[in-house]
Structures are given as structure tokens and as C-alpha cells.
Amino acid sequence: MKIFKLLLSLIFTIGIFYGLNTKFGTFPPFGKFLDPSNGIWQNEGSSAESESILSIEGLKSTVSVHYDEHLIPHVFAQNDEDLYRAQGYITAQHRLWQLEFQTHASAGRLSEIVGNAALDFDRGQRRKGMVFGAENALKAMGEFPDLIKNLEAYRDGINSYIEGLSPSEFPVEYKLLDYQPEPWTLKKTALLLMYMTDMLAGGDSDFEYTNFLKKYGKERFDFLFPDFFEENDPVIPTNRAWTDFEQVELPEVPEVNTPSSLVAGLLPKPHPDNGSNNWAVGPSKSLTGNTVLANDPHLGLNLPSIWYAMQLATPEKNTFGVTLPGAAGIVIGFNNDISWGVTNATRDVKDWYKITFKDEKRDEYWYNNAWTKTDKKIEEIILRGEKTYYDTVVYTHHGPVTYDASFKGKEGLIGFAMKWAGHLGGNNQLTLLELNKAKNYDDYEKALKHFVAPAQNFVFASRDGDIALWVQGKLPNKWKGQGKFLLDGSNIDHDWKSFIPQEHNAHVKNPTRGFVSSANQHPTDSTYPYYVFNDGYETYRNRVINDFFRSKDKFGIQDFKNLHNNNFNLKAKELLPHMIVNMDVSNLDQLESAILEEVKNWNYVNDIDQKGATIWERWWIRVRNLVWDELNDASKPMPYPFTYQTIYLLKNHPEDPFMDIQETSEVETAPDLFLKGFKAAVKDITNWEENNGSYDWGEYKSTYVGHLLQGLPAFSRFNLPIGGNSGIVNATSKNHGPSWRMIVEMSDPPTALGIYPGGQSGNPGSRYYDDLVDTWANGKYLQLLFMQNEEQNQEIVFTHTLNPKQ
């Protein structure tokens, strides 16, 4: 026995030694990770969170960085190059791992970090042409030398910080994944902007729509996926005439022969709720007579937060707002003269073309009655711990062939090429920097012209008393129906021929109603002369917002706060009473009757203490899934029709063939689905209660803000008490919602409120990592400190002085 214990002890000791010095999969050697000199213990605090004097290579003059109690830096520089150099340095101090990881993801380089597990993702990113789009954007940026100087300063600021780091100072995620930062480049900034473009304009349903069309026909498709809903409260007010548009040229509709979908699987799509709310009131509707603007972009709820708040000031401009780590300037914010915000314009700017190759070499494809040369790019994907993977991506004049025989394709000589506005090479970075210094409406309008994709609804308010909204992007001028379905890549008439002229992008300035707003709904009514379509316009948040601003004459800051946190569920109000009245309740048991009574008494508000909200949400999901059970063919994916049209069908066409459940012998109608869906929802809720306790909406929804690396609960926040849901003005669902709430009154100087679900530091060991989460969940705001000069303010906690390196 003693010998056995000795052997066991020896084996255990060898195992510990091996484990501490060996990498397991994507995890680092534990000895390295736990090393007291260089490991995780060194990430408990940060020198970036106390008074210091630093020397930065390349600075021309001293830059002062004043930090307030929330670790928001207020940066004062003497010129733009110093300002953006300092911005890059500061951003790297607090968000280095995040800004680099996101660009690795954008470029399809995660396999370098985590190995083979990310290979399929990386191939998809390369085949989507993410680097191709970034390189085209760089060319567009290169046409503006002053912009390049500022971006190079931003780049050099990041690199100054990286160069000064020792391994012990690496952010914890580098230690966890056992790799190290690399130098920043201008290309990485372009990739960061492509990351956002893909997030907001990377969705489409062309393959799914084609499958639906082939199975059910055009008449059924047009009914279930209409260009306009019966209720349409668009971004641009309906009384907007388009008489100022001269020489509207619309392409003719060619002969169309829709190809079949021949792919074995599709790439992941962006979150369907990626969107936002924004609005502004003019002097006539403002309690103070000042214009007031609000914005809350709806994105994934992550730590570190997607946003980083800053004030950026020089003698020529003074701007406050949130930045995207990796891009220069303020993205959403205000200065002393104007304020601006964005929502996703959700336009169909990605089309798919069926390509026929001449032979397996794929050197030529059939186009316009001739064989046309392809281009090829060999993608070198470095796999950590394994041999490098090489993937040949074919390019046509449409764009990259994403799907072919080597990647999710079904036929050897058939491929599908992507035509996407994200590849066009816009200069979104220039738009942002121009907005930062804009002084009036004319400057705002001029700045927008460089913005290509993702199409955005840019809301505007100025101290001059102007409000406006532009639907901005480089938008293809399509013939009616173009891009809904797969297109024939050999037919020249199916190409994008032109773009809607910049001055014809839908816009409005100082409308008579006294307010502007957008919430990802249809941009216009049917009188707009150009063809507009997208796979799913919002139809509920927009109506609640617009009805709110029609409800009375004057609005103040508290009204804006209330609207941001509005949990009214219009979708439920429009369907729930109909379901209750038309459902047969004669055979409900005691529990079912009690739950029905609970939802009957619900006030249509998704507050955290409402059980009725949970009942409604489960009931609606069950009914919706029963209606569209015919569409669950995994081999030929088809989309569920839009929520608004599903409800329209349930209320107005209760005997439509889609009401029949495929797996039963009976022929069901809408009332049958209401009953079956209700009984299933009761079971869902009962199971939840047995396993989790209360089914109050806040408990059931269980909103969380998760770390960018999935599966790191220690670095995440769970069970946040916040109401709302998708389709509600407070669009907070389980892990998605308002990522930055901002309200700005254009007084002199402007006063502003803001909040986001995270913290300024990207270091999980910092008290500033998630200190704003609870404030956000409670519907509260920070009073933003907008310093007008460098005089020491009592709200400043410490200062970093950045001096030119001698």
C-alpha cells in the first residue's frame, strides 16, 4: 500500500508539472497563466487609473487627459494629430484586447488564436470579402491626405502603448488564450469599420426567399412579404413631397428567371434585432425652446462594451460621445453646435448571383454570352498548432464567390457570388471626423456624403434650431423586385446599373410636425420614387415613438427618459385580445384558467414584475411556430414571414392553409392554434416555475451582459432586472438591447445624459469594468461632464499628462 501511495503521489506530481507547462487546446499552460510575475495576478489593478505623466513618441505638444469619476477621459490637445494620437493611446490603455480581437474576427484570423475550431468561421469571413471591403475602404481614405495623417496618428498612439507593455501588463484575455498583441495598422481600422458594416448590413434572405418562391409561388410570397405593410409610419413623414427630385431615372424590369438555391448551408447572419431608436424635437415642441436629440443603438450586450466614451477637444472643436475602439473620433455624440445619432436603415444592399464556371479550374465563368476571366485570391489561414490552411476564393465582377463546391455548395461548376455595398469602398471614417467638427446643417449634410455602408438614419439637431434626418448610404438603384431572390449571374441585365443619387436619398429637414424619428421602420411611404425593400422592417417601436410625440405639444428631458425606458408592448395589444376572444376556453383546467386570467388582466407593459408579459411572450412564440411549421425544412431553409404580417394573417385570414398543422390529421384554423399554443405555453411556464421559481418577466427574461469570449461567466453579468423586449421601445431582450442611451439638449453649452451597459475599462479586475451596468439596468443616466476648457473641475479625479518624448 505504501508503494502504491508513493507511485500515485509521483504520478500526481508529474501531472501537475506537465499541466503547468503544457497548453491544452485553446487554454494556456496553467503555470504561465498563474505565474505571480506575469500571469493573471498582475491584472488586478491598472496604472492607467491614477495620476501620471507619460512620454509619447510623435506628440507635438502636451496633451492633458482628465478622468472623471467614471473613468471617462476628457482629452485636450493643441492640434488634430496630437488629439487622435492621444485617443489611440488612451483607447489601447483601456480596451487593447477588445479592439484587436474584433479586427481578428473581421479579417477571419481567429484560427491563429484558437486553432481549428474557428476554421469554418474564418473561411466564411474571407469568402464574404471582409478584407476585400477593408482594402477598398483604405483606397477611398487614401484620397484625403489630412484624414490619413490623423489615422496614422491614431495608429501610432495605439502602437506607442503596445510597445511599452511588458508581458505582465498584457490584458488578461491574452494570457488566457496565450498570445500577444501585434502592431496596429490603418488596415485594422478599416477592418473594424467592416466589422460594424457586416453587423448592420450583412444580413439577407435571398436564398431563403428563393426557396419559398419555388415552393409556394409569387402570389403567396407577395402576400406574406409585402413591400409595404397595411400600417406604415415611415422614417420620413408621409406628407413629404418629392417634387424637389429632378430627373428620377428608374431601371427597367428585365426578364427574370430565378435560379434555384443550391447550397448545403448558409453562413451565420447578424442578430435580427440589430437596430436602434433615435429622435429629435425642434424648438416648437421643446419645453425650453432648445432642440433636443436622443439615440439608443440596439446591439449585442457585451463586456467589454462595444462603446468607449470620451471627450475630444482642440482649440477648433470640442466633441463628446462614444467611440468605437479601433476608429478615430466620436461615432455618436455632440459638440457645442450640433448633436447627431444613428439607427440602422435596414436596406437590402447584398445580392447573390448564380455563377456557372467553364470547368473545374474556375478560371472562367459565363457572363453576357461569353466566357469571362475570374480573379483568384489564395487565402492563407494560419491554424494554431496545425498546418496552415489554404483556401482559394474566386472573384467575379459581382464580387467574391462565397459558396462553391469547396464551401457549402452542392454542384461542382455552380457557385454563388456576393454583390454587397460593404465592398464598395466608402469613407465612413471621414464622415465621423467631419461630424465631430460640424457647426450647422450644411456641415452635417456635407459630412454624410462620404458614408457608404451600412446605410444609416442620421438624426441631427443644432443650436441654430434645426432638426433633420437623412437616410444615408450608397444605395443601388434597383428595378422593382431586384435582389429579393437569387439573380442570374450570367445576365448583364441583372447587374446593379447605378446608385440612387446622393441628393435623392430620403431626408427631411424641420418637418411641420416638429419632430423627426427613426426605429428601423420603412424609410418612406409608397410615393418615394425609388424601389425600396428589406427583409423585415420594424412596425411597432416606430409607431409607439411617433404616437408619443403626437400626444402633446411640448416635451422635456424627463419625457425623453420615459420614452427610452418605455416597456409598452404594442404587438401584444394588437393580437392578445383577439386570441383571448377567439380561443375555446371550455376545456381549460384549473391551472390553465388561472394563467389565462392572469394574462387577461395584464396591462401590455413588459415591466420586470409582470407575469402577464411572460405568458404573452411564450404564447406568441408557440402560436407563431405553429403557423409556420411548414417552413422548418432544414434542407431548404425558408424564412418566417414578418411579425406584422403573421399577426395580420391570424386576425384576418383564420382559415388560411398555413394554419393547418402538418403533423396532425385535423385541419386547424387560427382559433385552434390559439388553444394549442396556449396549452403549450402553460407547460413551458410550469416547467420554468419548477426549475427556476418565479416567472415574473424580469426573472424569466434574465437579461445578461456577457464577455466577448463566450463561456467566461466570471467576466460577465447575469440576471439583470430590466424590462422591455424585442419590438418594444426599450428593446432589451436576453442579451441584446440599448448599447448606449444618450439625450442631448442643445443649450449653450449643451447638456447631456448618457449610459451604457458596461464600464470604461476592459480589465475585469478593474472597478470600472462593469460599474455602469446597474445604472443602465435601472433606467438611470450619467450627467455627462462636458468641459468647456481645461480649468480644473471638482469632478475630475485624476489627470494624465502626455508629453512629447524627447
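Residues numbered from 1 in each chain as written. Predicted model: local features only at pLDDT ≥ 70, side-chain atom pairs only at ≥ 80, totals over all residues. Heavy atoms only, no water.

1. Description of the side chain of Asn-546
Move 1: The residue Asn-546 is located in helix 14 (residues 541-550) in this model.
Move 2: Those residues in contact with Asn-546 that lie beyond four places of it in its chain are Asp-233, Pro-234, Arg-513, Phe-515, Ser-517 and Gln-521. (Helix = DSSP H or I, 4+ residues; strand = E, 2+ residues; numbered from the N terminus. Contact = heavy atoms within 4.5 Å.)

2. Some details on unusual backbone geometry
Move 1: In this structure, Pro-304 follows Leu-303 across a cis peptide bond, with omega equal to -5°.
Move 2: With respect to the secondary-structure elements, Pro-304 resides in the loop between strand 6 (302-303) and strand 7 (308-314).
Move 3: With a phi angle near 70°, Leu-71 is a residue other than glycine that sits in the positive phi range.
Move 4: Residue position: Leu-71 is located in the loop between strand 2 (63-68) and strand 3 (73-76).
Move 5: On the basis of relative accessible area, Leu-71 is assigned to the buried category, the value being 0%.
Move 6: Of note in the backbone geometry, Asn-520 takes a positive phi value of approximately 70° without being a glycine.
Move 7: With respect to the helices, strands and loops of the structure, Asn-520 is situated in the loop between strand 22 (515-518) and helix 14. (Buried < 20%, exposed > 50% of the residue type's maximum accessible area, 1.4 Å probe, protein only.)

3. Describing the pattern of salt bridges
Move 1: Under the criterion given, the structure shown has 43 salt bridges.
Move 2: Put simply, Asp-656 and Arg-220 hold a salt bridge, and the shortest N to O gap is 2.7 Å. Of the two residues, Asp-656 sits in the loop between helix 19 (643-652) and helix 20 (670-692) while Arg-220 sits in helix 11 (residues 218-224), which places them 436 residues apart along the sequence.
Move 3: Overlapping salt bridges bring together Arg-123, Arg-127, Arg-362, Asp-391 and Asp-404 as one network. (Salt bridge = Lys/Arg side-chain N within 4 Å of Asp/Glu carboxyl O.)

4. Some remarks on the confidence of the model for the protein chain
Move 1: Of the residues in the protein chain, 94% reach a pLDDT of 70 or more, and the chain-wide mean stands at 93.
Move 2: Note that pLDDT drops below 50 for residues 1-22; the model gives that stretch twelve contacts with residues more than four away or on any other chain. (pLDDT = per-residue confidence, 0-100.)

5. A short note on the side chain of His-298
Move 1: Residue placement: His-298 occurs in strand 5 (residues 292-300).
Move 2: One polar contact links His-298 to Asn-277, side chain to side chain, over a distance of 3.3 Å.
Move 3: What His-298 contacts, discounting residues up to four positions off in sequence, is Asp-273, Asn-274, Gly-275, Ser-276, Asn-277, Arg-541, Val-729, Ala-731, His-736, Gly-737 and Pro-738. (Polar contact = N/O pair within 3.5 Å; in protein donor to acceptor, adjacent residues only side chain to side chain.)

6. Remarks on the sheet that holds strand 29 (residues 796-804)
Move 1: A sheet is described by the order of its strands in space; here eleven strands give the open sequence 1-29-2-3-7-8-9-10-18-19-21, paired in mixed fashion. With partners counted over all chains shown, the strands left at the sheet margins are strand 1 (52-56) and strand 21 (507-509), one partner each. The average angle at which neighbouring strand axes cross in this sheet is 15°, direction not considered.
Move 2: Pairing of strand 18 (residues 456-462) with strand 19 (residues 467-472), which is carried by six bridges, proceeds in the antiparallel orientation. Looking across to strand 19, one finds that Val-459 is bridged to Leu-469.
Move 3: Strands in contact with helix 3 (residues 80-107) are strand 1, strand 2, strand 3, strand 7, strand 8 (317-323) and strand 29; relative to strand 7, the strand with the most contacts, it is inclined by about 160°. (Pairing = 2+ DSSP bridges. Axes fitted to C-alpha atoms, helices over the stretch in contact; angles between N-to-C directions.)

7. Structural notes on helix 20
Move 1: Between its terminal C-alpha atoms helix 20 stretches 32 Å, which fits the 33 Å expected from 23 residues at 1.5 Å a residue.
Move 2: For helix 20, the set of buried residues is Ala-670, Leu-673, Phe-674, Gly-677, Phe-678, Ala-680, Ala-681, Val-682, Asp-684, Ile-685 and Trp-688.
Move 3: The inward-facing, buried residues of helix 20 contact helix 16 (570-582), helix 17 (590-600), helix 18 (611-627), helix 19 and helix 21 (697-701).
Move 4: Of the residues flanking the end of helix 20, it is Gly-693, one or two places downstream, whose phi is positive at about 100°. (Expected span 1.5 Å × (residues − 1).)

8. Concerning the sheet that holds strand 24 (residues 717-720)
Move 1: The strand order across the open sheet built from three strands is 6-23-24, with neighbouring strands paired in mixed fashion. Here the strands that pair on one side only, and so sit at the sheet edges, are strand 6 and strand 24.
Move 2: Of the strand pairs in this sheet, strand 23 (residues 703-707) and strand 24 are connected by two bridges, and their pairing is antiparallel. When the sheet's bridge partners are listed, Val-705 is paired in strand 24 with Arg-717.

9. Notes on the packing of helix 12 (residues 428-437) against helix 13 (residues 441-448)
Move 1: Two numbers describe how helix 12 lies on helix 13: the axes approach to 8 Å, and their chain directions differ by 170°. Relative to helix 13, the element helix 12 is oriented roughly antiparallel. Note on element contacts: helix 13 touches helix 12 through Tyr-444, Ala-447 and Leu-448, opposite Thr-431, Glu-434 and Leu-435. (Parallel < 35°, antiparallel > 145°, perpendicular 65-115°, else oblique.)

10. Comments concerning the packing of aromatic side chains
Move 1: For the structure on display, the rule yields 55 aromatic pairs.
Move 2: Positioned above the aromatic ring of Phe-499 is the side chain of Lys-474, whose terminal nitrogen or guanidinium carbon lies 4.8 Å from the ring centre.
Move 3: Positioned above the aromatic ring of Tyr-441, the side-chain terminus of Lys-509 is 4.2 Å from the ring centre. (Phe/Tyr/Trp six-rings, centres within 6.5 Å; stacked < 30°, edge-to-face > 60°. Lys NZ or Arg CZ within 6 Å of the ring centre and 35° of its normal.)

11. Section: the pairing of strand 9 (residues 332-335)
Move 1: Here strand 9 shows two buried faces, one formed by Ile-332 and Phe-334 and the other by Gly-333 and Asn-335.
Move 2: For strand 8 and strand 9, the ladder comprises four bridges, and the chain directions are antiparallel. By the bridge assignment for strand 9, Gly-321 is matched with Gly-333.
Move 3: In this structure, strand 9 lies alongside strand 10 (residues 338-344), joined through two bridges in antiparallel fashion. Bridge pairing links Phe-334 to Ser-339 in strand 10.

12. Side note on the environment of Gln-180
Move 1: Residue placement: Gln-180 occurs in the loop between helix 8 (172-177) and helix 9 (186-201).
Move 2: Between the C-alpha atom of Gln-180 and that of Ile-113, which follows or precedes it by 67 residues, the distance is 9.6 Å.
Move 3: Filtering out sequence-adjacent residues up to four positions away, Gln-180 remains in contact with Glu-100, Phe-170 and Tyr-174.

13. Brief notes about the nonpolar core
Note that soluble globular proteins tend to have their nonpolar side chains buried in a common cluster.
Move 1: Counting residues in hydrophobic clusters, the biggest one holds 223 residues, and the most contacted among them are Phe-549 and Trp-619.
Move 2: The greatest single-element share of this core, amounting to twelve residues, is contributed by helix 3.
Move 3: In this structure, Phe-549 is in contact with Trp-279, Val-281, Lys-285, Phe-515, Phe-555, Phe-560 and Leu-563, ignoring residues within four places of it in sequence.
Move 4: Residues Tyr-353, Tyr-365, Val-401 and Trp-479 belong to the second largest nonpolar core, which totals eleven residues. (Core = buried A, V, L, I, M, F, W, Y, C linked by side-chain atoms within 4.5 Å.)

14. Comments concerning the pairing of strand 18
Move 1: Most of strand 18 sits out of view: seven of its seven residues are buried.
Move 2: Alternating positions in strand 18 separate into two faces, Gln-456, Phe-458, Phe-460 and Ser-462 on one and Asn-457, Val-459 and Ala-461 on the other, with burial throughout.
Move 3: Linking strand 18 to strand 19, which pair antiparallel, is a turn of four residues; within it Gly-465 sits at a positive phi near 100°.

15. Examining the packing of helix 3 against helix 7 (residues 145-163)
Move 1: Closest axis-to-axis distance for the helix 3/helix 7 pair is 7 Å, and the angle between their directions is 45°. Relative to helix 7, the element helix 3 lies oblique. As for the relative orientation of helix 3 and helix 7, their crossing is right-handed in sense. Along the contact surface, helix 3 presents Asp-80, Glu-81, Tyr-84, Arg-85, Gln-87, Gly-88, Tyr-89, Thr-91, Ala-92, Gln-93, Leu-96 and Leu-99, while helix 7 presents Lys-149, Asn-150, Ala-153, Tyr-154, Asp-156, Gly-157, Ile-158, Ser-160, Tyr-161 and Ile-162.
Move 2: For the contact of helix 3 with helix 7, the class distribution of residues is ten nonpolar, seven polar and five charged. (Left-handed = near helix turned anticlockwise from the far one by under 90°. Nonpolar A, V, L, I, M, F, W, Y, C, P; charged D, E, K, R; others polar.)

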